[in-house]
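# Fold and geometry: a report
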Amino acid sequence: DAKTTQPPSMDCAEGRAANLPCNHSTISGNEYVYWYRQIHSQGPQYIIHGLKNNETNEMASLIITEDRKSSTLILPHATLRDTAVYYCIVRVEKGGKLIFGQGTELSVKP
Amino acid sequence: GAGVSQSPSNKVTEKGKDVELRCDPISGHTALYWYRQSLGQGLEFLIYFQGNSAPDKSGLPSDRFSAERTGGSVSTLTIQRTQQEDSAVYLCASSFDRASYNEQFFGPGTRLTVL
């Protein structure tokens, strides 16, 4: 079973920041938080991951709370092409399967 | 560079027939994964190959499903005696499986329809 909880859907206005929450209250000390997204009719795409420090790359920022029980993925300037299902996954760093939950369906609207 | 490729992109078969789905991972990737996604369902792990280690088959739903990875590269997922509930998009992914992190790169999938 997935170890994360996400809202099933969210809306965001184009050009605004999209903040996608994820609860992972049972995360273990050696587990990372990974985010993937799946645009309609495509395979999932890696976005970002982190352990306990906040992370930023060209796609997004990841904010992890100090107790590591929750995190937020931030798309700073959402575009229509960011409309997708976003999956938050916790896993050990190296190797192995991804366990996908239901994710959050983000709709970016003009 | 080339990403993960899968063939065929679409496959329609009759109930009871066997099907083979192919995955070509990114060159040099040591790990290969199969997942499936049924209509309206989430992504479900099926099987994982890592180098020469024994594969993790814990996600295969029944003994009608099998997979092999020849020469550490191309993989084939075989479904015998297909059933209607096997209809889904079958996704393949590969990764380096290095110590730093494990980003899985997914292919476009094969859409299987069992009539």
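Residues numbered from 1 in each chain as written. Chains lettered and ligands numbered in written order. Predicted model: local features only at pLDDT ≥ 70, side-chain atom pairs only at ≥ 80, totals over all residues. Heavy atoms only, no water.

Next up on the list: the pattern of salt bridges. Residues and elements named next belong to chain A. Inspection of every chain in the model, using the stated rule, returns 5 salt bridges over all chains. A salt bridge links Glu 31 to Lys 3, with the shortest nitrogen-to-oxygen separation between them at 2.8 Å. In this pair, Glu 31 is assigned in strand E3 (residues 31–38) and Lys 3 in the segment before strand E1 (9–13), connecting sequence segments 28 residues apart. Arg 37 is paired through a salt bridge with Asp 82; the nearest N and O atoms lie 2.8 Å apart. You can see Arg 37 sitting in strand E3 and its partner Asp 82 sitting in the loop between strand E7 (70–75) and strand E8 (84–92), a full 45 residues away along the chain. Each member of the pair, Arg 37 together with Asp 82, is buried. (Salt bridge = Lys/Arg side-chain N within 4 Å of Asp/Glu carboxyl O. Helix = DSSP H or I, 4+ residues; strand = E, 2+ residues; numbered from the N terminus. Buried < 20%, exposed > 50% of the residue type's maximum accessible area, 1.4 Å probe, protein only.)

As a further point, take the environment of Leu 62 of chain A. Residue and element names in this part refer to chain A. Along the chain, the position of Leu 62 falls in strand E6 (residues 61–64). On a C-alpha basis, the gap between Leu 62 and Asn 23 in space is 13 Å, while along the polypeptide they are 39 residues apart. Apart from residues lying up to four places away in sequence, Leu 62 is in contact with Val 33, Trp 35, Ile 48, His 49, Gly 50, Asn 54, Glu 55, Ser 71 and Thr 72. (Contact = heavy atoms within 4.5 Å.)

Let us look at the state of the cysteines. Scanning the entire structure with this criterion turns up 2 disulfides over all chains. The partner cysteine of Cys 22 of chain A in its disulfide is Cys 88 of chain A, sulfur to sulfur 2.1 Å. Its torsion about the S-S bond being -80°, the disulfide of Cys 22 of chain A and Cys 88 of chain A is classed as left-handed. In this pair, Cys 22 of chain A sits in strand E2 (residues 18–23) while Cys 88 of chain A sits in strand E8, placing the two residues 66 residues apart along the sequence. Side by side, Cys 22 of chain A and Cys 88 of chain A carry an identical accessibility label, which is buried. Paired through a disulfide, Cys 23 of chain B and Cys 92 of chain B show a sulfur-sulfur distance of 1.8 Å. Linking Cys 23 of chain B and Cys 92 of chain B, the disulfide has an S-S dihedral of approximately -65° and is accordingly described as left-handed. Of this pair, Cys 23 of chain B sits in strand E3 (residues 19–24) while Cys 92 of chain B sits in strand E8 (residues 88–95), and the two are 69 residues apart along the sequence. Left unpaired, Cys 12 of chain A is separated from the closest cysteine sulfur, that of Cys 22 of chain A, by 18 Å. Among the residues examined, Cys 12 of chain A registers a relative accessible area of 9% and is labelled buried. (Disulfide = S-S within 2.5 Å.)

Trp 35, Leu 73, Tyr 86 and Leu 106 of chain A are the most contacted members of the largest nonpolar core, which has 21 residues in total. Ranked by size, the runner-up nonpolar core spans 20 residues in total, among them Cys 23, Phe 65, Leu 77 and Leu 112 of chain B. (Core = buried A, V, L, I, M, F, W, Y, C linked by side-chain atoms within 4.5 Å.)

Below, the discussion takes up the environment of Gly 109 of chain B. Residues and elements named next belong to chain B. Tracing the backbone shows Gly 109 in the loop between strand E9 (105–106) and strand E10 (110–114). Gly 109 sits 16 residues away from Ala 93 along the chain, and the two C-alpha atoms are 9.4 Å apart. Excluding residues within four positions of it along the chain, Gly 109 makes contact with Gln 6, Pro 8, Ser 9, Val 89, Tyr 90 and Leu 91.

This part is about the sheet that holds E6 of chain A. Taken together, the 4 strands give an open sheet; going across it, the order is E2-E7-E6-E5 (chain A), and neighbouring strands pair in antiparallel fashion. Each edge of the open sheet carries a strand with a single partner, namely E2 and strand E5 (55–56) of chain A. (Pairing = 2+ DSSP bridges.)

Taken as a whole, this structure holds 11 aromatic pairs over all chains when the rule is applied. With a centroid separation of 6.2 Å and 80° between ring planes, the pair formed by Tyr 36 of chain A and Phe 106 of chain B is classed as edge-to-face. Placement of the pair is Tyr 36 of chain A in strand E3 and Phe 106 of chain B in strand E9, with the two residues belonging to separate chains. Each member of the pair, Tyr 36 of chain A as well as Phe 106 of chain B, carries the same accessibility label: buried. On the basis of an interplanar angle of 85° and a centroid distance of 5.1 Å, the ring pair of Tyr 87 of chain A and Phe 100 of chain A is categorised as edge-to-face. With Tyr 87 of chain A in strand E8 and Phe 100 of chain A in the loop between E8 and strand E9 (104–109), the pair connects residues that are 13 residues apart, well separated along the chain. (Phe/Tyr/Trp six-rings, centres within 6.5 Å; stacked < 30°, edge-to-face > 60°.)

Residues and elements named next belong to chain B. Spatial ordering of the open sheet is given by E1-E3-E7-E6, a layout of 4 strands whose pairing is antiparallel. The outermost strands of the open sheet, each flanked by one partner alone, are strand E1 (5–7) and strand E6 (65–69). Direction aside, neighbouring strands of the sheet carry axes that sit 15° apart on average. In terms of strand pairing, E1 meets E3 through 3 bridges, oriented antiparallel. Bridging across to E3, Ser 7 finds its partner in Arg 22. (Axes fitted to C-alpha atoms, helices over the stretch in contact; angles between N-to-C directions.)

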